[in-house]
Amino acid sequence: MERVKTAKTKMEKETEYGKKGQVHVRNKKNGKEARVTLQLNIAGVSNPRLSRYGSTEEIAKKRLAEAILLTYIEVQKNYQLANRQVFSPECQAELEKFDEYMDCIKKNQLQLNQKSKQKEYKIGKESIYAFVQKMLKQKKRQSEKKGTRKKKKLSPKTVTFYKGVADAQVIPIFGEMNAITITQEEIEDKLETLDCSTKYLKDIKLVLKMSFDVVIKEKLRKDNPAEKIEIYNDKKSLGIEIEHLEQDRQEVWLDIFEKDKRQASYLYETILLTGARPEEGCGFKWTSMDYENDIVHIHNAYKDWEIYDDNMEKIGHKRGDGELKTPESYRDIPMHPRLKRLLLMIKAERMEEYKKLGKVWDENDYIFLNEKGNPFVPQDLTRKMPYFIKKYNLEHLTVYGLRHSFATLCSTFGMPPEVLHVIMGHSDFETTRRYYIHITGERKKNEMIKLYIKQNGEETLKQLINESDMYFGKIKLLKIQDIRPEERLAG
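Residues numbered from 1 in each chain as written. Predicted model: local features only at pLDDT ≥ 70, side-chain atom pairs only at ≥ 80, totals over all residues. Heavy atoms only, no water.

Chemist: Explain the overall build of the protein chain to me, and be specific about the residues and the numbers.
Modeler: The number of helices and strands found in the protein chain is 19 helices and eight strands. Here the protein chain holds 491 residues, and the buried ones make up 38% of them. Contacts in the protein chain between residues far apart in sequence, at least 24 positions, make up 63% of those at least 6 positions apart. (Helix = DSSP H or I, 4+ residues; strand = E, 2+ residues; numbered from the N terminus. Buried < 20%, exposed > 50% of the residue type's maximum accessible area, 1.4 Å probe, protein only. Contact = heavy atoms within 4.5 Å.)

Chemist: Let's hear about a negative patch on the surface: which residues, and what values?
Modeler: Residues Glu-185, Glu-186, Asp-189 and Glu-192 make up a contiguous surface patch of negative charge. Mapped onto the secondary structure, Glu-185 falls in helix α7 (residues 184-192). (Patch = residues over 30% accessible without salt bridge, like charges linked within 9 Å, V, L, I, M, F, W, Y side chains within 5 Å. Areas by Shrake-Rupley, 256 points an atom, 1.4 Å probe, with all protein chains shown as cover. Salt bridge = Lys/Arg side-chain N within 4 Å of Asp/Glu carboxyl O. Lys, Arg positive; Asp, Glu negative; His and termini not counted. Charge placed at Lys NZ, Arg CZ, Asp CG, Glu CD.)

Chemist: Tell me about the packing of helix α10 (residues 247-260) against helix α15 (residues 399-412), and please be specific about residues and values.
Modeler: With their axes 11 Å apart at the nearest point, α10 and α15 run at an angle of 130° to one another. One element, α10, and the other, α15, form an angle in the oblique class. At the point where α10 passes α15, the crossing takes the left-handed sense. Across the interface between the two elements, Gln-247, Gln-250, Trp-253 and Phe-257 from α10 touch Leu-402, Ser-405, Phe-406 and Leu-409 from α15. (Axes fitted to C-alpha atoms, helices over the stretch in contact; angles between N-to-C directions. Parallel < 35°, antiparallel > 145°, perpendicular 65-115°, else oblique. Left-handed = near helix turned anticlockwise from the far one by under 90°.)

Chemist: Which residues make up helix α2 (residues 57-78), and what are the values?
Modeler: If you check α2, its first and last C-alpha atoms are 31 Å apart, about what 22 residues at 1.5 Å a residue would give, namely 32 Å. Three or more residues of α2 are buried, namely Ala-60, Leu-64, Ala-65, Ala-67, Ile-68, Leu-69, Thr-71 and Val-75. (Expected span 1.5 Å × (residues − 1).)

Chemist: Mind laying out the sheet that holds strand β4 (residues 289-290), listing which residues take part and the relevant values?
Modeler: With antiparallel pairing, three strands are arranged side by side in an open sheet as β4-β5-β8. Each edge of the sheet is formed by a strand with only one pairing partner; in this case those strands are β4 and β8 (331-334). As defined by bridge partners, β4 adjoins strand β5 (residues 295-298) across two bridges and the pair is classed as antiparallel. What sits directly across from Asp-290, in β5, is Ile-295. (Pairing = 2+ DSSP bridges.)

Chemist: Could you give me a rundown of the nonpolar core, with the residues and numbers involved?
Modeler: Soluble globular proteins: nonpolar side chains tend toward being buried together. One finds Trp-253, Phe-368 and Leu-402 to be the most contacted residues of the largest nonpolar core, which totals 51 residues. Secondary-structure elements contributing two or more residues to this core are α10, α11 (263-274), β5, β6 (301-308), α13 (337-357), α14 (378-391), α15 and α16 (417-424). Looking at which element gives the most residues to this core, the answer is α11, with seven residues. Contacts of Trp-253, omitting those with residues within four sequence positions, involve Leu-245, Met-385, Phe-388, Ile-389, Leu-394, Glu-395, Leu-397 and Leu-402. Within the second largest apolar cluster, 34 residues are counted, among which are Val-165, Ile-173, Phe-174 and Ile-204. (Core = buried A, V, L, I, M, F, W, Y, C linked by side-chain atoms within 4.5 Å.)

Chemist: So what about the packing of aromatic side chains? Which residues, and what values?
Modeler: Taken as a whole and judged by the stated rule, the model has 11 aromatic pairs. With a centroid separation of 5.8 Å and an interplanar angle of 50°, the aromatic rings of Tyr-72 and Phe-87 are classed as tilted. Taken together, the positions of Tyr-72 in helix α2 and Phe-87 in the loop between α2 and α3 (89-95) put the pair 15 residues apart, joining distant regions of the chain. Using a relative accessible area of 24% as the deciding quantity, one classes Tyr-72 as partly exposed. Through pairs of rings, three or more aromatic residues link up here, namely Trp-253, Phe-257, Tyr-268, Phe-388 and Tyr-392. (Phe/Tyr/Trp six-rings, centres within 6.5 Å; stacked < 30°, edge-to-face > 60°.)

Chemist: Let's hear about the environment of Glu-246: which residues, and what values?
Modeler: In this structure, Glu-246 sits in the loop between α9 (234-237) and α10. The spatial distance from the C-alpha of Glu-246 to the C-alpha of Ser-405 is 7.1 Å, given a sequence separation of 159 residues.

Chemist: Tell me about the side chain of Thr-160, residues and numbers included.
Modeler: Structurally, Thr-160 can be placed in helix α6 (residues 156-174). Residues in contact with Thr-160, not counting those within four places in the same chain, are Trp-305, Glu-306 and Tyr-308.

Chemist: Lay out the pairing of strand β2 (residues 31-37) in plain terms, naming residues and giving numbers.
Modeler: Successive side chains on a regular strand alternate, one facing one side of the sheet and the next facing the other. Of all seven residues in β2, five are buried, a share of seventy percent or more. As paired strands, strand β1 (residues 24-28) and β2 are joined by five bridges and run antiparallel to one another. The residue bridging Lys-28 from the neighbouring strand is Gly-31, located in β2. Taken together, β1 and the strand that follows it, β2, pair antiparallel across an intervening segment of two residues, in which Lys-29 is found at a positive phi of about 55°. Two elements, β2 and strand β3 (residues 49-54), share six bridges in a ladder whose sense is antiparallel. Residue Thr-37 lies in a different strand from β3, and its bridge partner there is Arg-49.

Chemist: Could you give an account of the pattern of salt bridges, naming the residues involved and the relevant values?
Modeler: Per the stated rule, a full pass over the model turns up 27 salt bridges. Where Asp-260 meets Lys-391, a salt bridge forms, and the shortest distance between an N and an O atom there is 3.6 Å. A residue pair is termed long-range when its members are at least 10 positions apart, and Asp-260 in helix α10 and Lys-391 in helix α14 qualify at 131 residues. Judged by its relative accessible area of 52%, Lys-391 is exposed. The network of salt bridges with shared partners includes Glu-251, Asp-255, Glu-258, Glu-269, Arg-338 and Arg-341.

Chemist: Help me get a handle on the sheet that holds β1, residues and values and all.
Modeler: Spatial ordering of the open sheet is given by β1-β2-β3, a layout of three strands whose pairing is antiparallel. Single-partner strands in this sheet number two, and they are β1 and β3. Going across the sheet, the axis of each strand differs from the next one's by a mean of 25°, ignoring polarity. Packed on one face of the sheet, α2 meets β1, β2 and β3 and runs near 145° to β3.

Chemist: Kindly report on the pairing of β8, identifying the contributing residues and their values.
Modeler: Residues Arg-331 and Ile-333 point to one face of β8 and are all buried, whereas Asp-332 and Pro-334, pointing to the other face, are not buried. In terms of strand pairing, β5 meets β8 through four bridges, oriented antiparallel. For Ile-295, the partnering residue across the bridge sits in β8 and is Pro-334.

Chemist: Please provide a residue-by-residue account of the environment of Ala-166, values included.
Modeler: Mapped onto the elements, Ala-166 comes out in helix α6. The class for Ala-166 is buried, based on a relative accessible area of 0%. It is 7.3 Å that separates the C-alpha atoms of Ala-166 and Val-132, two residues lying 34 residues apart in sequence.

Chemist: So what's going on with the packing of helix α5 (residues 128-144) against helix α8 (residues 198-217)? Residues and values would help.
Modeler: Between α5 and α8, the least distance of the axes is 8 Å, while the angle of their chain directions is 95°. In terms of orientation, α5 lies roughly perpendicular with respect to α8. Residues Ile-128, Phe-131, Val-132, Lys-134, Met-135, Gln-138 and Lys-139 of α5 pack against Val-207, Leu-208, Met-210, Ser-211, Phe-212, Val-214 and Val-215 of α8. Within the contact of α5 with α8, the residues separate by chemical class into 10 nonpolar, two polar and two charged. (Nonpolar A, V, L, I, M, F, W, Y, C, P; charged D, E, K, R; others polar.)

None of this, on its own, says anything about what the molecule does.
Below is the structure:
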């Protein structure tokens, strides 16, 4: 007998979807989906249903909480509900049980309080806040200049970076202080109280220095109190190395990138085989590749940057091509044979796909595209990397670690530093030496063996090795069962 479908009652629907404002999590693909139906406190307006996906329940809930808050702000703005509750009382009661949403509200309120506090600084014309704002506006105008001289051009992404450091640390800590009378010692005392990384302290110093440059330009003081402050690199002094993959691990990662077959993985592989910066890899187009001469042209970057109005208030985001970090970043490098094979494979498959769909091929298209057919931005790669590592049980590595690994391999195989400096696109050799030339374990071992031979002679060294092997063999024969085996990485 054919089953008769009946319309669901309001109670049945409420049982299926839950109460308004109640969050539900379900399995979806390889992760979790958090969803909710909201009930607005406005007659005649449909109730929004929101859902957000994440690799874990925690991530899905956090994304849903952010979406609910954005909905709240948007509705409040569009319907001018400054003095009215946006959600119905029943819905609001359920949302108050959603911890991630309440955390979002607290965070948003802190940001609003910070902005309110920042406005108070505007009263003092001699405050550091006032000159930070002037500096940011100058940098914004500099980024908008249209000219041919790359040295004078400032990336909008750099302006966003300066604004972020200013808002997060410089203004809350130094904003109320007098920019004309403050001393170097006072700044150093403040910096000493901060629990920040060395890099972050250097960023704060940079923003302060540029702000004091404005004070000097206006002839309100003659010296720059931030200029001579020294920030010591604790990590370097402790001998902690910047992360990178040794040669054997690079081969494992390359194989997994190709096994994975996703566009982001192919882009990771390209960065590892070229040493490109993430934004340079995102900006690769088919025209960037010269297959006849085996050359990769690094002349473009694809970025996401924030847009500000004349008062340095954020009004949105923009994605698009941008200039490279420095004039020296524009470079041509040899194409690795493995990369050539990968790119030609991607190109052949995509041309075949375009032919089936009747799409016109364009050599100016981007090579690496996300699920929506748009180019990646560096933030996408940073977000995806931890999931990729977890999926294939790999060691921790950042996207920039791929670039470091490329430089390390070049150095290990004897590439002269002055050549590596050009291939990496650095403006000064010191950067290459300090951050990108790592001495691998194998290289250290080989150099120490040379020292042992000079110290003891080759025959003595062989004897020591043979005796060590004998003792090692005895230990293996003991077959100790209580030793817990180490967890092995992929490969």
